[in-house]
Amino acid sequence: MPNTYTQLHVQLIFAVKYRAALIESSWKNRLQQFITGIIQNNGHKMLQINNMPDHIHILIGQRPDQALSALIQNVKTESSIWVNEHKLSRAKFAWQEGYGAFSYSKSHVPDVIRYIQNQESHHRKQNFLDEYRSFLNAFEVEYDERYIFTATTYFTSLLGCKHQTFLRNEEYVYLFLLPSRRSYGTSNKTFLFIFYSL
């Protein structure tokens, strides 16, 4: 677009579907490179990218002639297909619906880059859901707590569970569920789900 000049810095945050800890260290760099290619092929500038096993942070310089929602949909769709075609994930891979997008002035970009680079150390102190809420609160974004994903609520509802045991250590959350007889035709099956807790 002639005579159009912009400087738009946006951090994108979204999670693996059900916040499952599926992104492994053995292929996280390949995923980041693939997503970087998608961002660049859409004409945007990749400033920083990093992920944890259950979510990802992307800082871009956005061009104004593509809707942010369209870009994110492209990133999610193409990267999910790529992960599944290459059989990188131990389970079918998909991203959670929705995303967070937060804009920054140029002076704040170096701090955001460092924040994204240091995700691993940051999440030794704060889990993803608390981090996500902190972004929403800091940017004064109104939200409904019911729609902030929690894996325990989802699987309890899905399986019609009558009992659950919830354990965690420094790295993982262990969720043991005993479905009702109505749900699975038997009450002697126990399901174990493991989530990344940092």
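Placed above this text is the structure.
A quick note: this is a predicted structure, and the numbers were derived from the prediction, not measured. (Residues numbered from 1 in each chain as written. Predicted model: local features only at pLDDT ≥ 70, side-chain atom pairs only at ≥ 80, totals over all residues. Heavy atoms only, no water.)

Draft legend 1. Structural view of the pattern of salt bridges. Using the criterion set out here, one finds six salt bridges in the structure. When the shortest N-O distance is used, the salt bridge between E24 and R90 registers 3.1 Å. Taken together, the residues E24 in the loop between β1 (9–15) and α1 (28–41) and R90 in the loop between α2 (68–85) and β4 (100–104) connect sequence positions 66 residues apart. Classification of E24 by relative accessible area gives partly exposed; the value is 30%. A relative accessible area of 55% means that R90 is categorised as exposed. (Salt bridge = Lys/Arg side-chain N within 4 Å of Asp/Glu carboxyl O. Helix = DSSP H or I, 4+ residues; strand = E, 2+ residues; numbered from the N terminus. Buried < 20%, exposed > 50% of the residue type's maximum accessible area, 1.4 Å probe, protein only.)

Draft legend 2. Representation of the packing of aromatic side chains within the structure. According to the stated counting rule, one finds nine aromatic pairs in the structure shown. With 4.9 Å between their ring centres and 85° between their planes, F14 and W95 make a pair best called edge-to-face. Within this pair, whereas F14 is found in strand β1, its partner W95 is found in the loop between α2 and β4, the two being separated by 81 residues in sequence. Take W95: its relative accessible area is 7%, and that puts it in the buried class. (Phe/Tyr/Trp six-rings, centres within 6.5 Å; stacked < 30°, edge-to-face > 60°.)

Everything listed here is a matter of geometry and, on its own, says nothing about what the molecule does.
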